[in-house]
Amino acid sequence: MKADKHIATYRRMRNQPLWRLLAAVNGPTIIGLLQSHLYEKERSLPASILFERLTRDLEGLRAQGDDLPQPAQAYVASWLSDGYLQRRFPPGASEEEYELSTASLEAIRFLSGIAKPHSAATESRLSLVIQALQGLAEDTDADKQRRIERLKAEQVRIDKEIDAIHKGRMRVLPRDAALERIREIISLADDLTGDFRRVRDQFEQLNRDLRERIMDSEGNRGEVLDSLFAGIDLIAESEAGRTFSAFWRLLTDPEQGAMLEESLDSVMSREFVGELEMRERRFLLRLTRNLLEQGGAVHEVLQTFARSLKHFVQSREYLEQRRVSQLLKEAQRTALTIKDAVKATEPLEYSLELTSSRLHSLSQWVLYDPSLQAEPEAMREGEPPPIDLESVSELVAQSEIDFRTLKEHVRALLAERDQASIGDVLEHFPAEQGLGTVVGLLALGSRYGIRGTLSGTDAIETVAWVGEDDQGRRARIPKIYFLRDCLDELV
Amino acid sequence: MNWSDPGGEDGASEGTLLPLEDAEQASDQALYQGDSGELSLDTRRVLVQLLAGPSLDGQRHSRLWPIMIRDEAVICGRLSELFLQLVIDRDQQVAFTRQADTGDLEAPRLLRRANLTFLDSIVLLHLRQRLTQAEAHGDRAVVSTEEIVELLGVYEQVGNTDRALFEKRIHASIEKIKKHSILHKIRASENRFEISPTLKLLFSAEEIQVLTGIYKGMGAAEASTGQEEKMPSGENRE
């Protein structure tokens, strides 16, 4: 039977995450949630944020009557074990991160392709194929004469076209055809970003395989080790590695990059682009950045693997690891042989050396104070910490403070009196820029004013103002006086 | 890396890095009343962190780490006075103290030791194995309690009827190991822990061999106390 092979393949595929996700009872919900959290904007999220967002969504769905009894964490755990999600713990991170597995990425792309079909046999797709075929035919042709003839024919065609333009007959691609073509380009580019994920998976798998082979090849060095010692970068030299490197070189080539930017800019300025959906326009605007970002991430992974693999081999770490794994296996085997004879809680004549010491001193003895056990008083609000002048000047540097008006205010006040503190100024002239005004006055004060005594009651003053949100605010600032004597400087 | 040059002559540039003077020069500067110490404030902080343990971590103690690298020689000296040795892993940016190998000289011990039960030791072996595996893959080592319980199922005694008690004991072992800072809880993940890379240094190949030796000794003792033919059947297991 001819169908046998297909049936066997599909049976196997149905047990794999991609198909299982599509066929899951809750499939639409799962895919929808995964798509909105880990596909559309961010591609990976720290555990706490993912849980929080999913919890919110689940509550919303339950309110609509969906039967989703479990907490977000439980769903994430089962999606993880079903292979819809991946969990990683990046170096330096404080919590684990989640992202879509390749299977769920493909499921989402497959479904959105069906949900929004573009006419299956488009003209632009056909012309892409024809162009590609033509290019291939030309580039693989070794016959000099034929190539020259073809180039000459091309020359004639170009001349004709220039001539036509001169005569006022210019062919501009009609709007509908242009739209169709740009949608085709979007879909092609979208496929490209999807490919990155698969490439990264391949690198990870390869890295794992290589390390396992290094660990397993006992005694004699084995071909993997030999190549690594010979300085061959097995990951970069793999098929996935070579394809990706070629792609990455093209993408980061300045000339190609400029050409891409330029063409994108021109296309975006065309009128027909207005017909595109918001999402499609955004995609095009971010295309270069996205390609560079996602490609860059893959490139980084590739580099890290290559570096750590090299280190693993060169530092002879693998020898130590091999030895340790053998010793561990032996220890565990021995433990198994005695497990029925030894109680789990039996103390061993073995202790693990720790790295902390505990100091005991008579002086640590403290009299028992019953009042410490008493209920604490109600909590009082603490005093806010003061801002020092350095951070003030930093704030000034970052904001646009209307110094001219502030100087006018200070001068106006000094016309009436000999000295004025910042609090005085704020009393007479409301803070138009909120905190900015206070900061501005402090900046002026630190340049033109003098500080009150450095200790005692004259060191600090409390100023109040009303923020732009109509909230009253207060701050304790160093007391700084503007003096009439320095009026001249305040121009 | 001019920091790694302990007590370097380049006092000026180090002075800009640190408000306090170089460890060597600060001898006449008491930090507080009755202070007869010689080290700078920061160097003393490093010393105390190392003594209190369990480790000085380049990521968590980012301010102290460069000082320790700079003053390594001085710190090693002070630790030697206490029969302690400084262990530094520059790649992983961790440092901790270890009881110095004093040979025939009998020296008092300042560091604590954790007495292990049979079960503790098995959990430890398992964690060590996970650490090695993760390292081989170039990953961080993460375990969950459920996973440990499941994997240790093979160590349950034949005919044990109280599975719950066995699991409770595993949990107790995990708690104990957590308390010794070998397992760190991961934020936002229920019952998932990172295995501290220091376990690699604490529980070395030699230590594993010692433990295996103890197991063997225990097996032999059991066999000789009349338990019928434990050993042969045990060996067949391999």
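Note that this is a predicted model, so its numbers are computed, not measured.

Observations concerning the packing of helix α17 (residues 403–416) of chain A against helix α19 (residues 435–448) of chain A
All names here are of chain A.
Working step 1: At a minimum axis distance of 10 Å, the contact between α17 and α19 shows a crossing angle of 65°. On the basis of their axis angle, the class for α17 and α19 is roughly perpendicular. Once α17 is placed against α19, the crossing between them reads as right-handed. Together, Phe403, Leu406, Lys407 and Val410 of α17 and Thr437, Gly440, Leu441, Ala443, Leu444 and Tyr448 of α19 make up the contact between the two elements.
Working step 2: Broken down by class, the residue content of the contact of α17 with α19 amounts to seven nonpolar, two polar and one charged.

Things to note about the interface of chain B and chain A
Working step 1: Contact residues are listed per partner, giving 71 residues for chain B and 57 residues for chain A.
Working step 2: Between chain B and chain A, roughly 6100 Å² of surface is buried when both sides are summed, and carbon and sulfur atoms account for 57% of that area.
Working step 3: Together, B:Arg112, B:Phe118 and B:Arg140 form the three largest contributors to the area buried by chain B at its contact with chain A, with a combined 12%.
Working step 4: Applying the counting rule to chain B against chain A returns six salt bridges.
Working step 5: Measuring nitrogen to oxygen at the nearest pair gives 3.0 Å for the salt bridge that ties A:Glu353 to B:Arg113.
Working step 6: Linking chain B with chain A are 28 residue pairs in polar contact (both at pLDDT 80 or more).
Working step 7: When contributions to the side of chain B that touches chain A are tallied by element, the ones reaching two or more residues are α2 (41–52), β3 (94–99), β4 (111–117), α5 (118–137), β7 (192–195), α9 (205–224) and α10 (230–236) of chain B.
Working step 8: Residue contributions to the side of chain B that touches chain A peak at 14 residues, all from α9(B).
Working step 9: Grouping the constituent residues of the side of chain B that touches chain A by class yields 31 nonpolar, 19 polar and 21 charged.
Working step 10: Here five bridges tie strand β4 (residues 347–357) of chain A to β4(B), and the two strands are oriented antiparallel to one another.

A closer look at a nonpolar patch on the surface
Residue and element names in this part refer to chain A.
Working step 1: Together, Tyr10, Met13, Trp19, Leu22, Phe110, Leu111 and Ile114 line one region of the surface with nonpolar side chains, adding up to about 620 Å² of accessible area.
Working step 2: For the nonpolar patch, the secondary structure elements donating two or more residues are α1 (3–14), α2 (17–23) and α6 (102–115).
Working step 3: The dominant element in the nonpolar patch, judged by the number of residues it contributes, is α6, at three residues.
Working step 4: In this structure Met13 comes out as partly exposed when scored by relative accessible area, which is 31%.

What to know about the packing of α5(B) against α9(B)
Residues and elements named next belong to chain B.
Working step 1: At a closest axis distance of 12 Å, the pairing of α5 and α9 adopts a crossing angle of 145°. By crossing handedness, the relation of α5 to α9 is classed as left-handed. Mapping the contact onto sequence places Phe118, Ser121, Ile122, Leu125 and Arg128 in α5 and Ile208, Leu211 and Tyr215 in α9.
Working step 2: Taken together, the residues that form the contact of α5 with α9 break down as six nonpolar, one polar and one charged.

Calculation criteria
- Starting from 1, residues in each chain are numbered consecutively following that chain's sequence as written.
- Written order determines the labels here, with chains lettered from A and ligands numbered from 1.
- Thresholds applied to this predicted model are a pLDDT of at least 70 for local features of residues and 80 or more for the giving and counting of side-chain atom pairs; totals over whole chains, interfaces and linings are not thresholded and use all residues.
- Heavy atoms from the whole structure form the basis of all side-chain values; hydrogens and water molecules are not counted.
- Interaxial angle, 0 to 180 degrees, is taken between N-to-C directions of lines fitted to C-alpha atoms, where a helix line uses only the stretch in contact.
- Put simply, DSSP marks the helices as runs of H or I at least four residues long and the strands as runs of E at least two long, and each gets a number from the N terminus on.
- Angles are sorted into four bins: roughly parallel if under 35 degrees, roughly antiparallel if over 145, roughly perpendicular if 65 to 115, and oblique for all others.
- Two helices crossing with the near one rotated counterclockwise from the far one by less than a right angle form a left-handed crossing, whereas a clockwise rotation gives a right-handed crossing.
- The contact criterion used is simple: two residues touch if any of their non-hydrogen atoms lie within 4.5 Å.
- Residue type decides the class: Asp, Glu, Lys and Arg count as charged, Ala, Val, Leu, Ile, Met, Phe, Trp, Tyr, Cys and Pro as nonpolar, and the leftover types, Gly among them, as polar.
- Reported buried area values correspond to the accessible surface (1.4 Å probe) lost by two parts on association, with both partners' losses combined.
- Salt-bridge detection follows one rule: a side-chain nitrogen of Lys or Arg within 4 Å of a carboxyl oxygen of Asp or Glu.
- For the purposes of these results, a polar contact is taken to be a pair of N or O atoms within 3.5 Å, where, inside protein, one atom must be able to donate a hydrogen and its partner to accept one; residues adjacent in sequence count only when each atom of the pair is a side-chain atom.
- Strands are labelled as partners when DSSP assigns at least two bridges between them.
- Any residue with relative accessible area above 30% and no salt bridge may belong to a patch, with like charges joined within 9 Å and the nonpolar Val, Leu, Ile, Met, Phe, Trp and Tyr side chains within 5 Å.
- Here, Shrake-Rupley sampling with a 1.4 Å probe gives the accessible areas, and only protein chains in the shown set may cover a residue.
- Buried means the residue's accessible area, taken with a 1.4 Å probe over protein chains only, is under 20% of the maximum for its type, while exposed means over 50%, and partly exposed covers the values in between.

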